[in-house]
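Residue-level listing of the chains:
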Amino acid sequence: MKDYEPNYSGEIMMKFANAVNMVHNVLLPRIYTAGCMVDATAGNGRDTAFLAANSPDDALIWAFDIQKEALEKTRTCLQEQGQEKKVRLILDSHANLPLYVRQPIDVAMFNLGYLPGGAHQNTTQADSTLQALEAVLTQLKAGGLISIVAYPGHAAGKLEHEAVRRYLSVLPSPIFAVGSWSMINQAHEPPVMFLVEKVRSEFRERPAPC
Ligand SMILES: C[S@@+](CC[C@H](N)C(=O)[O-])C[C@H]1O[C@@H](n2cnc3c(N)ncnc32)[C@H](O)[C@@H]1O
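The model shown is predicted, which means the values in this text are computed figures rather than measured ones. (Residues numbered from 1 in each chain as written. Predicted model: local features only at pLDDT ≥ 70, side-chain atom pairs only at ≥ 80, totals over all residues. Heavy atoms only, no water.)

**Student:** For this particular structure, what's the right way to read the site of the ligand?
**Tutor:** Lining the immediate environment of the ligand, one finds 24 residues, of which Thr41, Asn44, Asp47, Asp65 and Gln67 sit closest. Contacts to the ligand include arginine 46, whose backbone N or O atom sits 3.2 Å from an oxygen atom. Aspartate 47 has a polar side-chain atom sitting 2.7 Å from a nitrogen atom of the ligand. Burial of the ligand by the surrounding chains reaches 95%, relative to a free accessible area of 610 Å². Residues of the shell around the ligand, tallied by class, amount to 7 nonpolar, 13 polar and 4 charged. (Near = heavy atom within 4 Å. Polar contact = N/O pair within 3.5 Å; in protein donor to acceptor, adjacent residues only side chain to side chain. Areas by Shrake-Rupley, 256 points an atom, 1.4 Å probe, with all protein chains shown as cover. Nonpolar A, V, L, I, M, F, W, Y, C, P; charged D, E, K, R; others polar.)

Structure (structure tokens):
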């Protein structure tokens, strides 16, 4: 049974809000019609399963993780839902995404950090996260969305959060709309959600007026 049921009535239940739930709420309308999606950090498989359960039957989902254990958990999660046919599980860093994903991307999720209850040294790292983001941005369709949840509450996560914020904040605004959200009255630096939408496929400089 799901332990979180998103509320799509338009009412935001702040009491239950966290960055991961907010991401699911925001992405859902795009997932309904998506063809190609990426879960850059499969982990326990909850995000991959969410993408699979809510997408069209012919959607394809690429799920990356560097830990075999994580991909096994993801496989089990998908099998329980009967959704494993839609998903390609890739035991490799998301930095190598261009080696696998060749088609335009509708939706990509990055839930950064380490597996809850797992070894902290397997946490995502700023350098490879930025490489993967760059790769996804290059292949993102116009109208496509990327979500990133960063965890500034631990040392590597703090550096990664700052690197992601710096990187996203200089994306060209005529092409990408970028925002962030977090709870601001919680202790211990709560997770931060970033969202990137590709609002048009290219940007042409306007000719200077004569
Ligand atoms: C917070 S967990 C992801 C949670 C997951 N999305 C879920 O729904 O359960 C972060 C995951 O990122 C994985 N990871 C770390 N570095 C990675 C990399 N370079 N490429 C892909 N996955 C990576 C970790 O092994 C871990 O399983």
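**Student:** In this structure, what is going on with helix α5 (residues 155-169)? I would like to understand it.
**Tutor:** Think of an α-helix as turning once every 3.6 residues; residues three or four places apart then point the same way. Taking 1.5 Å of rise per residue, 15 residues should cover 21 Å, and α5 covers 21 Å from first to last C-alpha, within 8% of that figure. Of the positions making up α5, those classed as buried are Gly157, Glu160, His161, Ala163, Val164, Tyr167 and Leu168. Those residues of α5 hidden inside the fold are in contact with α4 (126-139), β5 (140-150), β6 (176-181) and β7 (192-198). (Helix = DSSP H or I, 4+ residues; strand = E, 2+ residues; numbered from the N terminus. Expected span 1.5 Å × (residues − 1). Buried < 20%, exposed > 50% of the residue type's maximum accessible area, 1.4 Å probe, protein only. Contact = heavy atoms within 4.5 Å.)

**Student:** It is not clear to me how unusual backbone geometry should be interpreted in this structure. Could you clarify?
**Tutor:** For residues other than glycine, phi is negative in most cases, and the peptide bonds are mostly trans. Look at histidine 188: it is not a glycine, yet its phi comes out positive at around 60°. Within the element layout of this structure, histidine 188 appears in the loop between β6 and β7. One non-glycine residue, glutamate 189, lies in the positive phi region at around 45°. Tracing the sequence through the fold places glutamate 189 in the loop between β6 and β7. On the basis of relative accessible area, glutamate 189 is assigned to the partly exposed category, the value being 41%.

**Student:** Mind showing me how you'd approach the pattern of salt bridges here?
**Tutor:** Any two side chains of opposite charge can pair, so long as their charged atoms come close to each other. For the coordinates displayed, the defined rule picks out 5 salt bridges. For the salt bridge of arginine 30 with glutamate 197, the shortest nitrogen-to-oxygen distance reads 2.8 Å. Pair noted here: arginine 30 is in helix α1 (residues 19-31) and glutamate 197 is in strand β7, with a separation of 167 residues, a long-range link. Glutamate 69 is the salt-bridge partner of lysine 73, the closest N and O atoms lying 3.4 Å from each other. Remark: glutamate 69 and lysine 73 occur in helix α3 (residues 68-81); sequence separation between them is 4 residues, near one turn of the helix. (Salt bridge = Lys/Arg side-chain N within 4 Å of Asp/Glu carboxyl O.)

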